[in-house]
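# Observations on the model geometry
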There are 2 protein chains.
Amino acid sequence: MDEWTFINWLREHAGRRSDPRVKVGIGDDMAILDLAGQTVLLGSDMLVEGIHFDLGKVSARQIGRKALGVCLSDCAAMAAEPSAALVSFSKPKSMPVDVLQQFYEGLVEIADEFDCPLVGGDSCAGSDQLVVDVALLAVSNGVGPVLRSGATPGDWLYVTGKLGGSILEKHFSFVPRIREARRLTANLPVHAMIDLSDGMSVDVQHLCRESHCGAELTETLLENVISPAARQLSDRTGRSPLDHALNDGEDFELLVAIGLAPQDVPALPEKTDLFPVGKVIDAQGVHLVTQAGTRRPVPPRGYRHF
Amino acid sequence: MDEWTFINWLREHAGRRSDPRVKVGIGDDMAILDLAGQTVLLGSDMLVEGIHFDLGKVSARQIGRKALGVCLSDCAAMAAEPSAALVSFSKPKSMPVDVLQQFYEGLVEIADEFDCPLVGGDSCAGSDQLVVDVALLAVSNGVGPVLRSGATPGDWLYVTGKLGGSILEKHFSFVPRIREARRLTANLPVHAMIDLSDGMSVDVQHLCRESHCGAELTETLLENVISPAARQLSDRTGRSPLDHALNDGEDFELLVAIGLAPQDVPALPEKTDLFPVGKVIDAQGVHLVTQAGTRRPVPPRGYRHF
């Protein structure tokens, strides 16, 4: 059973009862709740030593930044505004407390940058690995929320930055696109959004499946969003830069379906990177239109959790 | 550095900025937030295989129940009403998916009992141990919230059930005291509350420290709240039943400071166990008045996380 099969099982078993409080449950970047007329969003992300990071290779401060950063990226995908975060961790007994303090310094640093107070959590000692789970509460505050499920045939697909090769640096230094998401959503007909954490080829499938539509990506457009890191990594791996841009995870840019063609997108109040990569179509699956004009399926080759 | 020293460091470093949204941050059973006039509560609890449970000794279903149950017990300590839960887990790659499904069946079972939808979370595979973190969103909905910090000298201290020996069974079969907490708070002058997770001797200190007061427990009263399991365990350990009642963790009953003496507590709409154990006093520390009439300090000997 792969992760998506499991999540589908979970949706059926855990989310089977309708509840007036739950507007969006399992399956989007965050859940959306209606609490006595107030819309709030809730999501969490877990990082595990040895899977998501290696304490020998990155600093505890970087891990702290990333632990909250990935949650803030989910929040960006909903165009929501962070309200508060909880941090739970379990650490090996041997881990010195000053490493934990550096971890929290990274957390507090990015929490301050996004005006998101840390309000609680839990702590344990005695696990083999450092495990961190961050839960984030957010509000729409007049903008959004934007779901994965709102894309419509005819929408254009855009990304907010260059893709691929994040493992060289960006997976620890990315900036959650909260400001960009809220600016785009406040000013443009944004129909659907997802953050690119598993890799473009996987995440575009998620967006399409939830929106009951397909996507046609254009190679000439994708060429413009290949990051320098993807090209650098390509030299080492022998895989094409495009392959890296499509299939590397943890770019933490947004994939946005907007009901406007590139030439019709107005100038935004502040400069906001927005690169067209293709269109939403009334069909199933994701295809790539190559520079040669041929059309081939894009298999989901990004990160798989199970 | 022990857990409490670390949490104090964290309170200073993570919670140092005042934020109009944060009514209560790190340090109570849940955080309290004010989102545009709506009060919401947020808390999380992490369980780790080998620390909190052993998959050879309990079923995955029981672990699922407990994972949400401990969060619901925190919610009870605030007299709050659960709104939604997030579940994040990391599992060993070798763990069969059906074990995970049993885990979720336990979770869904208790979620249904407390009308608390599961709305999201995260999943990873590749850790040495099963690690679960549950985050809970709750609302006050006209009752409470009750803090740890509201106890006043002259209040009586009560517990909602018998204490000690939970390791024999109750630490996996406890019932979160949400209904009791809301009934007590709606009907009586409840000034402060905490759930007994680390052990009475530790948790009463938490309540006293947050309330800037002391407590005097009465041995003759405590004799009435020693559980059969505490007596049974005493036979094996040679420690007194009272020692078990005071120092065993995971009873998940509530310790409640109420501004009424036992003889003045009116009958409640539904039967609610409430046993007096002592009084809040205008002093520091926690003392026990023995049956012989002597007075001795109660050292905090419950579960320590670090």
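Scoring rules and cut-offs
- Residues numbered from 1 in each chain as written.
- Chains lettered and ligands numbered in written order.
- Predicted model: local features only at pLDDT ≥ 70, side-chain atom pairs only at ≥ 80, totals over all residues.
- Helix = DSSP H or I, 4+ residues; strand = E, 2+ residues; numbered from the N terminus.
- Rg over C-alpha atoms; globule rule 2.2 N^0.38 Å.
- Buried ≥ 20, exposed ≤ 12 C-beta atoms within 10 Å, placed from the backbone.
- Core = buried A, V, L, I, M, F, W, Y, C linked by C-beta atoms within 7 Å.
- Contact = placed C-beta atoms within 7 Å.
- Nonpolar A, V, L, I, M, F, W, Y, C, P; charged D, E, K, R; others polar.
- Least-squares fit on C-alpha atoms with pLDDT ≥ 70 in both.
- Pairing = 2+ DSSP bridges.
- Axes fitted to C-alpha atoms, helices over the stretch in contact; angles between N-to-C directions.
- Parallel < 35°, antiparallel > 145°, perpendicular 65-115°, else oblique.
- Left-handed = near helix turned anticlockwise from the far one by under 90°.
- Domains from an automatic or database assignment.
- Expected span 1.5 Å × (residues − 1).

Of the regular secondary structure elements, chain A holds 9 helices and 13 strands. Whereas a compact globule of 306 residues would reach a radius of gyration of roughly 19 Å, chain A reaches 19 Å, a difference of no more than 12%. Judged by the C-alpha coordinates and their principal axes, chain A covers about 60 × 55 × 45 Å. Burial status across chain A gives 56% buried among its 306 residues.

Ranked by size, the top nonpolar core spans 200 residues in total, and within it A85(A) and A85(B) carry the most contacts. Residues within four places of A85(B) in sequence aside, it is in contact with L68(B), C71(B), A111(B), C116(B), L118(B), V119(B), V134(B), A135(B) and L136(B).

This paragraph deals with unusual backbone geometry. Residue G144(A) is joined to P145(A) through a cis peptide bond whose omega torsion reads 0°. The phi torsion at E250(A) lies on the positive side, around 60°, for a residue other than glycine. On the secondary structure map, E250(A) appears in the loop between α9 (241–247) and β10 (254–258). Here E250(A) falls in the buried class, since 21 other C-beta atoms lie within 10 Å of it. Within the chain, H212(B) stands out as a residue other than glycine whose phi angle is a positive 55°. Along the chain, the position of H212(B) falls in the loop between α6 (200–211) and β9 (214–218).

On to the interface of chain A and chain B, then. Opposite the 57 residues of chain A that make contact, chain B presents 57 residues. Elements that contribute at least two residues to the side of chain A that touches chain B include exactly α1 (3–14), β2 (31–35), β3 (38–48), β4 (81–91), α3 (97–113), β5 (118–125) and β6 (131–139) of chain A. Grouping the amino acids of the side of chain A that touches chain B by side-chain chemistry returns 32 nonpolar, 18 polar and 7 charged.

This paragraph deals with the relation of the copies chain A and chain B. Note on the copies: chain A fits chain B at an RMSD of 0.0 Å, the axial shift is 0.0 Å, and the rotation between them is 180°. Interpreted geometrically, this transformation is the action of a two-fold axis. Looking at chain A, 100% of its interface residues are interface residues in chain B too, so the copies touch through the same face.

Glancing now at the pairing of strand β8 (residues 190–195) of chain A. Residue and element names in this part refer to chain A. With 6 of 6 residues buried, β8 is to be regarded as a mostly interior element. Where β8 and β10 come together, 5 bridges link them in antiparallel fashion. Each bridged residue has a counterpart across the sheet, and for M193 the counterpart in β10 is V256.

For the rest of this paragraph, the subject is the sheet that holds strand β6 (residues 131–139) of chain B. All names here are of chain B. Strand order in this open sheet of 6 strands is β1-β2-β3-β6-β4-β5, and the pairing throughout is mixed. The sheet is open, and its two edges are formed by β1 (22–24) and β5 (118–125), each paired on a single side. The sheet shows a mean angle of 20° between the axes of neighbouring strands, taken without regard to direction. Strand direction decides the pairing type here: strand β4 (residues 81–91) and β6, joined by 9 bridges, are antiparallel. Counted as the bridge partner of V87 is V134 from β6.

The next thing to look at is the packing of helix α2 (residues 60–77) of chain B against helix α3 (residues 97–113) of chain B. Residue and element names in this part refer to chain B. The contact between α2 and α3 brings their axes to 6 Å, and the two run at 45°. Comparing the axis directions of α2 and α3 gives the class oblique. Between α2 and α3 the crossing geometry is right-handed. The segment α2 lies against α3, with A60, R61, Q62, I63, G64, R65, A67, L68 and G69 engaging V99, Q102, F103, Y104, E105, G106, L107, E109, I110 and A111. Considered class by class, the residues forming the contact of α2 with α3 number 10 nonpolar, 5 polar and 4 charged.

Moving on, we get to the domain arrangement of chain A. Residues and elements named next belong to chain A. Domains assigned within chain A are domain 1 (3–139) and domain 2 (156–297). Computed from C-alpha coordinates alone, the two centres of domain 1 and domain 2 are separated by 24 Å. Opposite the 16 residues of domain 1 that make contact, domain 2 presents 15 residues. In terms of residue class, the side of domain 1 that touches domain 2 is made up of 8 nonpolar, 4 polar and 4 charged.

Now for α3(A). Given a rise of 1.5 Å per residue, 17 residues ought to cover 24 Å, and the 24 Å separating the end C-alpha atoms of α3(A) matches this to within 8%. Every buried residue of α3(A) is accounted for by L100(A), F103(A), Y104(A), G106(A), L107(A), V108(A), I110(A) and A111(A). For α3(A), the elements touching its buried residues are α2 (60–77), β4 and β5 of chain A together with α1 (3–14) of chain B.

All right, on to the sheet that holds strand β11 (residues 275–281) of chain A then. Residues and elements named next belong to chain A. With mixed pairing, the 7 strands of this open sheet are ordered in space as β8-β10-β7-β11-β9-β12-β13. Edge positions in the sheet fall to β8 and β13 (295–297), since each has one partner strand and no second. Strand-to-strand twist in this sheet, taken as the mean axis angle between neighbours without regard to direction, amounts to 25°.

What follows deals with the packing of α1(A) against α3(B). Each pair of packed helices gets described by two things: the angle between the helix axes and the distance between those axes. It is the contact of α1(A) with α3(B), at a shortest axis distance of 11 Å, that shows an interaxial angle of 25°. Viewed along their axes, α1(A) and α3(B) adopt a mutual orientation that is roughly parallel. Here α1(A) and α3(B) pass one another in a crossing that is right-handed. Every residue of α3(B) that contacts α1(A) at F6(A), W9(A), L10(A), H13(A) and A14(A) is listed here: V97(B), Q101(B), Y104(B) and V108(B). Looking at the contact of α1(A) with α3(B) residue by residue, the classes come out as 7 nonpolar, 2 polar and no charged.

Turning our attention to the pairing of strand β2 (residues 31–35) of chain B. Residue and element names in this part refer to chain B. Pairing between β1 and β2: 2 bridges, direction antiparallel. Note that in β2 the partner of V22 across the bridge is L33. In sequence, β1 turns back onto β2 through a hairpin of 6 residues, with G27 there showing a positive phi of about 125°. Here β2 runs beside strand β3 (residues 38–48); their pairing, made up of 5 bridges, is antiparallel. Bridging across to β3, I32 finds its partner in L41.

Attention shifts here to helix α5 (residues 178–187) of chain A. What α5(A) keeps buried is the set I178(A), E180(A), A181(A), R182(A), L184(A) and T185(A). Where α5(A) is buried, its residues touch α2, β4, β8 and β10 of chain A.

Attention shifts here to the environment of A77(A). All names here are of chain A. Mapping A77 onto the fold places it in helix α2. For A77, a count of 33 C-beta atoms within 10 Å gives the class buried. Note: C-alpha distance between A77 and R182 (105 residues apart in sequence) is 9.4 Å. Setting aside residues up to four positions removed in sequence, A77 forms contacts with D29, A181, M193, I194, D195 and L254.

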